[in-house]
Amino acid sequence: MSLSSRERFPLVQLFFTNSFILVPFLIIIISLFSSYPTKKTLETTTYEPPSYPLIGSILSFNKNRHRLLQWYTELLRLSPTQTISIPLLGNRRTIITTNPQNVEYILKTNFFNFPKGKPFTDLLGDLLGKGIFNVDGHSWSSQRKLACHKFSTRSLRSFAFEVLKDEVETRLVPVLSAAAYVGTTVDFQDVLKRFAFDVVSKVSLGWDPDCLDLTRPVNPFVHAFDTAAEISARRATEPVYAVWKVKRVFNVGSERRLREAIRTVHVLVFEIVRAKKKSLEIGTGEEAKQDLLSRFLAAGHGGEAVRDMVISFIMAGRDTTSAAMTWLFWLLTENDDVEKKILEEVDPLVSLGLGFEELKEMSYTKACLCEAMRLYPPVSWDSKHAANDNVLPDGTRVLRGDKVTYFPYGMGRMEKLWGKNWEEFEPNRWFDSEPGSIRPVLKPISPFKFPVFQAGPRVCVGKEMAFMQMKYVVGSVLSRFEIVPVNKDRPVFVPLLTAQMAGGLKVKIKRRSQC
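Residues numbered from 1 in each chain as written. Predicted model: local features only at pLDDT ≥ 70, side-chain atom pairs only at ≥ 80, totals over all residues. Heavy atoms only, no water.

(A) Representation of the pattern of salt bridges. By the definition in use, this model includes 29 salt bridges. A salt bridge links R234 to E230; the nearest nitrogen and oxygen atoms lie 3.4 Å apart. Taken together, the positions of R234 and E230, both in helix 11 (residues 220-235) and 4 residues apart, correspond to about one turn of that helix. For E230, a relative accessible area of 35% translates into the label partly exposed. Across the salt bridge formed by R235 and E255, the nearest N and O atoms sit 2.7 Å from each other. Here the residue R235 occupies a position in helix 11, and E255 occupies one in helix 13 (residues 253-282), the gap between them amounting to 20 residues. R235 sits in the buried class, given a relative accessible area of 2%. (Salt bridge = Lys/Arg side-chain N within 4 Å of Asp/Glu carboxyl O. Helix = DSSP H or I, 4+ residues; strand = E, 2+ residues; numbered from the N terminus. Buried < 20%, exposed > 50% of the residue type's maximum accessible area, 1.4 Å probe, protein only.)

(B) Molecular detail of the packing of helix 7 (residues 117-128) against helix 11. At a closest axis distance of 9 Å, the pairing of helix 7 and helix 11 adopts a crossing angle of 170°. By the criterion of interaxial angle, the relationship of helix 7 to helix 11 is roughly antiparallel. With respect to the hand of their crossing, helix 7 and helix 11 are arranged in right-handed fashion. In this structure, helix 7 uses D122, L123, L124, D126 and L127 to contact helix 11, whose residues at the interface are A228, A229, S232 and R235. (Axes fitted to C-alpha atoms, helices over the stretch in contact; angles between N-to-C directions. Parallel < 35°, antiparallel > 145°, perpendicular 65-115°, else oblique. Left-handed = near helix turned anticlockwise from the far one by under 90°. Contact = heavy atoms within 4.5 Å.)

(C) Up close: the sheet that holds strand 1 (residues 83-87). Strands sit in the order 1-2-7-4 across an open sheet of 4 strands; the sheet is mixed. A strand with exactly one partner marks an edge of an open sheet, and here the two such strands are strand 1 and strand 4 (382-385). Ignoring strand direction, the axes of neighbouring strands in this sheet form an average angle of 20°. Relative to strand 1, helix 5 (residues 68-78) is tilted by about 125°, and along the sheet it contacts strand 1 and strand 2 (93-97). (Pairing = 2+ DSSP bridges.)

(D) Expanded view of the side chain of T73. Position of T73 relative to the elements: it lies in helix 5. Residue classification places T73 among the buried positions, given a relative accessible area of 3%. Contact partners of T73, with chain neighbours within four places excluded, come to F407, Y409, G410, R413 and M414.

(E) Broad picture of the nonpolar core. Counting 143 residues, the largest nonpolar core has Y72 and F188 as its most contacted members. Of all the elements, helix 15 (residues 303-334) adds the most residues to this core, at 15 residues. Among all residues touching Y72, those that are not within four sequence positions of it are F61, I84, I86, I96, W381 and F407. (Core = buried A, V, L, I, M, F, W, Y, C linked by side-chain atoms within 4.5 Å.)

(F) Highlighting the packing of helix 15 against helix 21 (residues 463-478). One way to put it is that helix 15 packs onto helix 21 with a least axis distance of 10 Å and a crossing angle of 35°. Taken as a pair, helix 15 and helix 21 cross one another with a handedness that is right-handed. Note on element contacts: helix 21 touches helix 15 through A466, Q469, M470, V473, V474, V477 and L478, opposite T321, A324, M325, L328, F329 and L332. When grouped by side-chain class, the residues that make up the contact of helix 15 with helix 21 number 11 nonpolar, 2 polar and no charged. (Nonpolar A, V, L, I, M, F, W, Y, C, P; charged D, E, K, R; others polar.)

(G) Just the sheet that holds strand 8 (residues 481-485), in detail. The strand order across the open sheet built from 3 strands is 3-11-8, with neighbouring strands paired in antiparallel fashion. Only two strands of the sheet have a single neighbouring strand rather than two, namely strand 3 (185-187) and strand 8. This sheet shows a mean twist of 45° between the axes of neighbouring strands, independent of strand direction. Alignment of strand 3 against strand 11 (residues 506-511), held across 3 bridges, turns out to be antiparallel. Looking across to strand 11, one finds that V186 is bridged to V507. Against the sheet, helix 9 (residues 154-182) touches strand 3, strand 8 and strand 11, its axis set at about 90° to strand 11.

(H) Main features of the packing of aromatic side chains. The tally for this structure, following the rule as stated, stands at 28 aromatic pairs. A ring pair is formed by F161 and F356, whose centres lie 5.9 Å apart and whose planes are at 85°; its orientation type is edge-to-face. Here F161, found in helix 9, pairs with F356, found in helix 17 (residues 356-359); they are 195 residues apart in sequence, far enough to count as distant. Relative accessible area serves as the criterion here: at 6%, F161 is assigned to the buried category. For the ring pair W430 and F450, a centre distance of 4.8 Å and an interplane angle of 65° mean the geometry is edge-to-face. Separated by 20 residues along the polypeptide, W430 in the loop between helix 20 (415-418) and helix 21 and F450 in the loop between helix 20 and helix 21 bring together distant segments of the chain. We note that W430, like F450, is buried. (Phe/Tyr/Trp six-rings, centres within 6.5 Å; stacked < 30°, edge-to-face > 60°.)

(I) Spotlight on helix 5. Those residues of helix 5 lying buried are L68, L69, W71, Y72, T73, L75 and L76. At its buried positions, helix 5 is contacted by helix 4 (58-63), strand 1, strand 2, helix 19 (408-411) and strand 9 (493-495).

(J) Structural detail: helix 16 (residues 336-352). Here helix 16 spans 25 Å end to end across 17 residues, near enough to the 24 Å set by a 1.5 Å rise per residue. Of all the bends found along helix 16, the most pronounced is centred on V346 and spans about 30°, while P348, a proline, follows it within four residues. All buried positions along helix 16 are accounted for by V338, E339, I342, L343, E345, V346 and L349. Against helix 15, helix 17, helix 18 (363-375) and helix 21 lie the buried residues of helix 16. Following helix 16 by one or two positions, G353 has its phi on the positive side, about 100°. (Expected span 1.5 Å × (residues − 1). Bend = angle between axes of the 7 residues up to and from the residue.)

In structure tokens, the structure reads:
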């Protein structure tokens, strides 16, 4: 009888099942070496953390690993260039910037020198495989061209809108109506995530998980997807990069759970693909051929390539929109005047029937969504790895192999970029004229100042579809219901692969007629 990794290596189980055991052990050993007075710290600025030979700034990193967003933001505010450099174990450097000129240089001007790189693709490779969001070079280029072509078609936009409309009218609104009638407390973040998963699954896979049926247990695919995404994200916060890799080799702890979750995701996606191929061979009508999976299969793509592509689109389309809407709905409960202005914009459009053309008129709602994403971006940071030595526009030297991170969360909190009132939820900042004017105009904001949808060649292909979905949901919900938080405390922002609100958003739902 063969033994498992844990049975053959009991010490591995002891040390690697939970990295909280291993990491402090390594930190203690390292700190003993770094405390000798004969070891002079490496040259650092007054706004960067102390750095020591060999171990870099790992002591400061470990101390702040549970508040990295705030720590990075504090350091960047002190930096005259809005850029900092943090060397870690073995002097592996992370360069973090909120400087729009640097962001443009990384994402556009010198795009090919800043690919995602193997260290990044390793983090997400088990889950996303060789999907569009986790590859570089020719593989990325070919998938990008295919995605751009599919997303630009009028037929896909029309199909996505019809899916969205049906999901709102037949599922989301009835769920909220029932909650209002009974007076029960609901986790609005969970409701929006379920809603978004239904929509993106229908558009991407032509498959209906029916997540908004709250009487049923969570779909195994959804549970496995959430688990895989969370564990993959936490790999990046390990102070010692090798920790998660060793755990993966021995299949223990979180990496064991990740492997099981990904196996579930892959099996279920392959089952959906097989069923879709069969339906296309039989020919079940044009409606069944509108989703992305059908379009990819019809174009001759298949196997793991299609699996990885649709998993990437589910990841991007599900969590980002639900996160943005969750934070906006909470912000509106804190800003009654802003909610009133949205209703003034939305009510006349809803009375006419909120259609695709009416959504284009919702400029104030779009400004509110942008302002919510400025403060609480669905993706807090994004990293590339330098292919060659380089110098950023602000004079920061970049060495081959350095991780270079642009930081939307920090950018939204820079006084240099947004003024002294950066802390305020102020949708008016997105207009050239006051929203009270006859025709308020959204002013163009550089995507390198507001890179929540990335920018340059990798700019999000689903950006307009995302705004379509979010505006339709916000208009449909606010015109019918008032959202009342149960807890008055400020929510906690949790940066996983896509940001979440810790503990959810617990609310009571009231019909507008009851207000």
